[in-house]
Amino acid sequence: MTTTTLVDVRPLRSALQGDVVTPEDEGWDEARQAWNLTVDQRPAAVVLPESAEDVRDTLRFAYEVGLRVAPQGTGHGAAALGDLADTILLKTERLRGVEIDPEARTARVAAGAIWIEVVEAAAEHGLAALAGSSPDVGVVGYTLGGGLSWLARKHGIGANQVTAVELVTADGRLVRADAETNADLFWAVRGGGGNFGVVTALEFNLFPITEVYAGILWFPIDRAAEILNEWRAWTDGQPEEMTSVGRLLQFPSIPEIPEPVRGQSFVVVQAIFLGDEADGAALLAPLRALGPVLDTVTTTPITELSRLHMDPEGPAPGAGDGGMLADVDAELVDTLVDLAVGSPLLSVEIRHLGGAVARARPEHGAVSHFEAPFLMYAVGIAPTPGRTTAPASRTRAWSEVSSGSAPTCSSAL
Ligand SMILES: Cc1cc2nc3c(=O)[nH]c(=O)nc-3n(C[C@H](O)[C@H](O)[C@H](O)COP(=O)(O)OP(=O)(O)OC[C@H]3O[C@@H](n4cnc5c(N)ncnc54)[C@H](O)[C@@H]3O)c2cc1C
């Protein structure tokens, strides 16, 4: 274990409106906890700012005493941070607030906003954001890393819809960046994220969408290879309005999993269609003809997409990995099914990308598109914090499968 750097935080504490928590303080374990419970974060201190000025003062203090600063919204991506011994973990969870401008069709969010807050606020005005699969992923971390939503094949990645960023740069200046002001910085943060400063507010476009035709077709797990191959063939020629996922789900027999599916396994196709029911049903007909044991695809409010993927809400112990795929063929499907079925992996999914996800425009930022037509991601539950062995070894094997065929690679999820 690395030794945490000891630092006198009294000057910072007296300067801030928010809190500074060190290993000596009561509440240390709660303060240093990430959403991902498998990650044991041991920074030099945790700062919980209440304002953009608190963020600025923290960066200036860190610069003076020679510490690094790691911004964190929720800690969904905490596994990537590594050793934090000489780092102030700057948690933005108290910087909340979502403002919707219905006329301009934009949202402005504070650094700690999570997606469900934006989805619900936008829906009140008949608008939708390019939110991801999970209700409690942070808007800033997700968007600055790219941001793949259920609407991405039609509307592109989340980073491309950002219109302005407010951030504190490494030298402690609170600046605004948009297409006209600090344009280089604006380009860099849309993909480069936390490497260029700590974002205090983000502004982005919304879309006039209130309903989608969406849901899940469920099949028995012993049809895994057949259904994944049929789904893969079906994705060819689908319009950009149709997004889908081929997925293996193996629910453990634990109380957190709802009774009807607890301890059971399935191969499923999740489908989201931006259009009316008749057109969506016509497109889905070949998959329905395969005879799902359960079919939940129906016209649904856009807000329901936040829970379609059944991502856990609140802190959870997950070990996951994935990558981009140049294609999905029968050999790859066989390998995936062999690796996954009966393993401790809870979910193994292949998302269909392409469409607007693969298109770059000059006005986009550093991460503008993903060329690969498919993305694969596998995740398992690690029951005890710090114990990731079983799922991690499988997800590593998973990455090796994907790396053989990936033209681009990204830890998008
Ligand atoms: C259950 C689950 C579901 C997911 N679903 C999707 C999905 O559908 N689509 C998708 O694209 N991704 C998805 N992801 C991946 C997710 O978008 C990334 O892990 C993202 O980085 C999480 O952002 P966060 O702020 O919640 O996490 P954090 O761990 O808090 O932040 C991740 C990183 O973002 C940067 N960051 C955060 N806040 C700031 C800030 N204020 N200023 C500067 N940089 C900052 C930092 O580099 C930080 O290390 C999912 C992840 C999980 C665990």
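Residues numbered from 1 in each chain as written. Predicted model: local features only at pLDDT ≥ 70, side-chain atom pairs only at ≥ 80, totals over all residues. Heavy atoms only, no water.

Our next topic: the site of the ligand. What surrounds the ligand is a group of 30 residues, the closest being Gly73, Thr74, Ser133, Gly138 and Leu148. Note that an oxygen atom of the ligand is positioned 2.5 Å from one of the side-chain N or O atoms of Thr74. Interatomic distance of 2.8 Å between a backbone N/O atom of Ser133 and an oxygen atom of the ligand. Of all the elements in the fold, those that place two or more residues in the shell around the ligand are strand 3 (68-72), helix 5 (139-144) and strand 9 (198-205). A per-element tally of the shell around the ligand places helix 5 first, with three residues. (Near = heavy atom within 4 Å. Polar contact = N/O pair within 3.5 Å; in protein donor to acceptor, adjacent residues only side chain to side chain. Helix = DSSP H or I, 4+ residues; strand = E, 2+ residues; numbered from the N terminus.)

Taking strand neighbours across the sheet as the criterion, the five strands line up as 5-6-9-7-8 in an open arrangement whose pairing is antiparallel. The open sheet has two edge strands with one neighbour each: strand 5 (98-101) and strand 8 (174-178). For this sheet the average axis-to-axis angle between neighbouring strands, irrespective of direction, equals 15°. Pairing between strand 7 (residues 162-168) and strand 8: five bridges, direction antiparallel. (Pairing = 2+ DSSP bridges. Axes fitted to C-alpha atoms, helices over the stretch in contact; angles between N-to-C directions.)

Here helix 8 (residues 224-235) crosses helix 9 (residues 277-288) at 150°, and the two axes come no closer than 10 Å. In terms of orientation, helix 8 lies roughly antiparallel with respect to helix 9. Note that helix 8 runs across helix 9; the crossing there is right-handed. Residues Glu230, Trp231 and Trp234 of helix 8 pack against Leu283, Leu284, Pro286 and Leu287 of helix 9. (Parallel < 35°, antiparallel > 145°, perpendicular 65-115°, else oblique. Left-handed = near helix turned anticlockwise from the far one by under 90°. Contact = heavy atoms within 4.5 Å.)

Turning our eyes to something else, we now look at unusual backbone geometry. Backbone geometry at Asn182 places phi at a positive 50°, although glycine is not the residue there. Examined against the element boundaries, Asn182 turns out to sit in the loop between strand 8 and helix 7 (183-192). In the Ramachandran plot, Met310 falls in the positive-phi region, its phi being about 60° despite a non-glycine side chain. Here Met310 is to be found in the loop between helix 10 (305-308) and strand 15 (318-325).

This part covers the sheet that holds strand 1 (residues 19-21). The mixed open sheet is built from four strands, whose spatial order is 1-2-4-3. Among the strands making up the open sheet, the edge pair consists of strand 1 and strand 3. Across this sheet, the average inter-strand angle for adjacent strands is 20°, counted without regard to direction. Inspection of the sheet shows strand 1 paired to strand 2 (residues 45-48) by three bridges, in the antiparallel sense. In the strand pairing of strand 2, Val21 is matched with Val46. The strands touched by helix 3 (residues 52-65) are strand 2, strand 3 and strand 4 (87-91); relative to strand 4, the strand with the most contacts, the crossing angle is about 175°.

Detailed reading of the predicted coordinates is not advisable wherever pLDDT is low. Summary statistics for the protein chain give a mean pLDDT of 92 and a share of 92% for residues scoring 70 or more. Counting contacts from residues 386-390, a segment whose pLDDT is below 50, to residues more than four positions away or on other chains yields seven contacts. This model gives residues 404-413 a pLDDT under 50, and the stretch forms 23 contacts once residues within four places in sequence are excluded. (pLDDT = per-residue confidence, 0-100.)

Buried residues of helix 11 (residues 330-340): Leu332, Val333, Leu336, Val337, Leu339 and Ala340, and no others. The buried residues of helix 11 occupy one face: seen down the axis, they fall within an arc of 165°. Summarising the geometry of helix 11, the exposed residues directed more than 90 degrees from the buried face are Glu331 and Asp338. (Buried < 20%, exposed > 50% of the residue type's maximum accessible area, 1.4 Å probe, protein only. Arc of directions from axis to C-beta.)

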